[in-house]
Amino acid sequence: MLTIKAYAKINLALDVLYKRPDGYHEVAMIMQAISLNDTVALTSQPATINLSVNIPSLAADTSNLAYRAAALLKEYTQTEQGVHIYLEKRIPLAAGLAGGSADAAAVLKGLNQLWELNLSLDELSKLAARLGSDVPFCLYNGTMLATGRGEVLEPLPPMPHCYVVLAKPAIEVPTAWVYGQFRASEVCVRPDITAMREALVSSSLAGVARHLANALESVTIPAHPEILKIKEDMLAYGAMAALMSGSGPTVFGLSECLEQAEQIAGQLRSQGVPEVFIAETVSKVE
């Protein structure tokens, strides 16, 4: 049996450039791993793949990205081995935090070890890209620039350590719907990827906070104004900066101090936000 942590991510900057001929959107994103994680337990067994989860609202069948990751790796390597996968979910579902992608990446990485396949991280990354645009990043974690449809990765200097308050309102936002509704002309503030990179190079948390931006807010916030309310509340309660992660609806706020992060989280809970977490930034995880 092998147990792996599957780390969530936030987007420090997310820009949508244009729609590609293959139907995907060309993006430029700076992604950051955070300590909020699922636990993925893998138990070797003959031939078959089985999946169980700790929450009934998540499908434990062939549609689950973790199952699909195991099936893809089994097919790719033609191994006769099987696995039972158990997901202990803590990352909220449909939240813009790449929880499903993180689970799939953990399955790929873990089975490579459990099944003694000896695939390189580059080989695993190519398989990961077939599962979803965020899965390659979740293999590497840390701080990265993601381009293409999200699968082309460039390591960046680590984000200065800070605490991350996460708040998810009681809604789910389908990623495909958000990208389908995206119109570049409706984006008020485009992310400055160069400026965010420079802030990371200079290890400036204030610079990172100053340049947080997400072009997809132009779609999700008008449809769900409670997201804007959470952003405004985070800032009012003392966060350095606040932003929606991914396609939403989770909002994250940055704080240098754990005590302040706890105060922000407490205020949000008192306002009725149903899911509030405190995490930390994490560096590259081998």
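So, how was this worked out
- Residues numbered from 1 in each chain as written.
- Predicted model: local features only at pLDDT ≥ 70, side-chain atom pairs only at ≥ 80, totals over all residues.
- Heavy atoms only, no water.
- Buried < 20%, exposed > 50% of the residue type's maximum accessible area, 1.4 Å probe, protein only.
- Helix = DSSP H or I, 4+ residues; strand = E, 2+ residues; numbered from the N terminus.
- Pairing = 2+ DSSP bridges.
- Expected span 1.5 Å × (residues − 1).
- Arc of directions from axis to C-beta.
- Contact = heavy atoms within 4.5 Å.

Peer 1: Run through the pairing of strand 7 (residues 163-168), naming residues and quoting values.
Peer 2: The buried fraction of strand 7 amounts to six of the six residues, a majority that puts the element mostly inside the structure. Here strand 7 shows no split at all, with Tyr163, Val165 and Ala167 on one side and Val164, Leu166 and Lys168 on the other all buried. Note: strand 7 against strand 10 (residues 251-255), five bridges, orientation antiparallel. Note on strand 10: the bridge partner recorded for Tyr163 is Ser255. Pairing analysis gives six bridges linking strand 7 to strand 11 (residues 275-280), with the strands arranged antiparallel. Note that in strand 11 the partner of Leu166 across the bridge is Phe277.

Peer 1: Describe in detail helix 10 (residues 258-270), supporting the description with residues and values.
Peer 2: If you check helix 10, its first and last C-alpha atoms are 18 Å apart, about what 13 residues at 1.5 Å a residue would give, namely 18 Å. Along helix 10, the positions that sit buried rather than exposed are Ala261, Ile264, Ala265 and Leu268. Each buried residue of helix 10 lies within a common arc of 95 degrees when the element is viewed along its axis, so the set occupies one face. Facing away from the buried side of helix 10, by more than 90 degrees, are the exposed residues Glu259 and Ser270. On its buried face, helix 10 sits against strand 7, helix 9 (226-236), strand 10 and strand 11. Once helix 10 ends, the next one or two residues include Gly272, with phi positive near 95 degrees.

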